[in-house]
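Inside the fold
Each chain is listed here by its residues.
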Amino acid sequence: MINAFQNVITITRGDDAYITIDITDILGNEYVREEGDVITMYVKKPSDGATLESQAVLFEKTFDENNSATIASADTKDLEAGVYKYGVKLKKADDRVATIISPTDFIVEEGIA
């Protein structure tokens, strides 16, 4: 099971999930990707007294040309149930970087089997 509401993602540990993001500019216009643009999602475990930037990446996903990515069961099957953080960044072909989704909750729930 996966649920996404107001950018908060909830997923059952060990499930596969297909996600798509919509990207707009500040005026609400759809962002059109250019050749060489790379959109990446990073998932990290927050830790008391440490910045998210200093934490190891648990897994990352690169979005395809349709702004879609697959979270494989292997990405979450060994994670403890709990609240993690994820963010999405755009790296343009000219090396400019923009945060698409700032650190937001990524909740891993226990499965039934």
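The preceding data block contains the structure.
Re the packing of aromatic side chains
- Enumeration over the complete set of coordinates arrives at 2 aromatic pairs.
- With a centroid separation of 5.8 Å and an interplanar angle of 70 degrees, the aromatic rings of Phe59 and Phe106 are classed as edge-to-face. Of this pair, Phe59 sits in strand β5 (residues 57-62) while Phe106 sits in strand β8 (residues 97-109), and the two are 47 residues apart along the sequence.
- On the accessibility criterion, Phe59 (6% relative accessible area) is buried.
- Residue classification places Phe106 among the buried residues on the basis of a relative accessible area of 0%.
- Residues Tyr86 and Phe106 carry aromatic rings whose centres are separated by 6.2 Å and whose planes lie at 65 degrees to one another, so their mutual orientation is edge-to-face. Placement of the pair is Tyr86 in strand β7 (residues 82-91) and Phe106 in strand β8, with a sequence separation of 20 residues. The exposure classification of Tyr86 matches that of Phe106, with both residues buried.
- An aromatic cluster is present here, built from Phe59, Tyr86 and Phe106 joined pairwise through their rings.

Quick look at the side chain of Thr104
- Counting through the fold element by element, Thr104 comes out in strand β8.
- Setting aside chain neighbours within four positions, we find Thr104 in contact with Asn7, Val8, Tyr84, Lys85 and Tyr86.

Re the pattern of salt bridges
- Applying the stated rule across the entire model yields 6 salt bridges.
- Note that Lys61 is salt-bridged to Asp75, the shortest N-O span being 2.8 Å. You can see Lys61 sitting in strand β5 and its partner Asp75 sitting in helix α1 (residues 73-76), a full 14 residues away along the chain. Here Lys61 matches Asp75 in class, with each residue buried.
- Among the charged side chains, a salt-bridge network with shared partners connects Glu34, Asp37 and Lys92.

Comments concerning the pairing of strand β4 (residues 38-44)
- For β4, the tally of buried residues reaches 5 of 7 residues, placing the bulk of the element in the interior.
- Where β4 and β7 come together, 7 bridges link them in antiparallel fashion. Counted as the bridge partner of Val38 is Lys91 from β7.
- One ladder, built from 5 bridges, connects β4 with β5; its direction is antiparallel. The residue bridging Val43 from the neighbouring strand is Phe59, located in β5.

Quick notes on the rules
- For every chain, the first residue of its written sequence is number 1, and the numbers climb from 1 along that sequence.
- Totals for whole chains, interfaces and linings use all residues, but because this is a predicted model, local features are given only for residues with pLDDT of at least 70 and pairs of side-chain atoms are given and counted only at 80 or more.
- Computation of side-chain values covers all heavy atoms of the structure but excludes hydrogens and water.
- A pair of Phe, Tyr and Trp rings is counted when the ring centres sit within 6.5 Å of each other, with Trp represented by its six-membered ring. The angle between the planes then sorts it: under 30 degrees is stacked, over 60 is edge-to-face, the rest tilted.
- Secondary structure elements follow DSSP: runs of H or I of four or more residues count as helices, runs of E of two or more count as strands, with numbering from the N terminus.
- Between buried and exposed lies partly exposed: a residue is buried under 20% and exposed over 50% of the maximum accessible area for its type, with that area taken using a 1.4 Å probe on protein chains only.
- Contacts: residue pairs with any heavy atoms within 4.5 Å of one another.
- Should a side-chain nitrogen of Lys or Arg be within 4 Å of a carboxyl oxygen of Asp or Glu, the pair is scored as a salt bridge.
- When DSSP finds two or more bridges between a pair of strands, those strands are recorded as paired.

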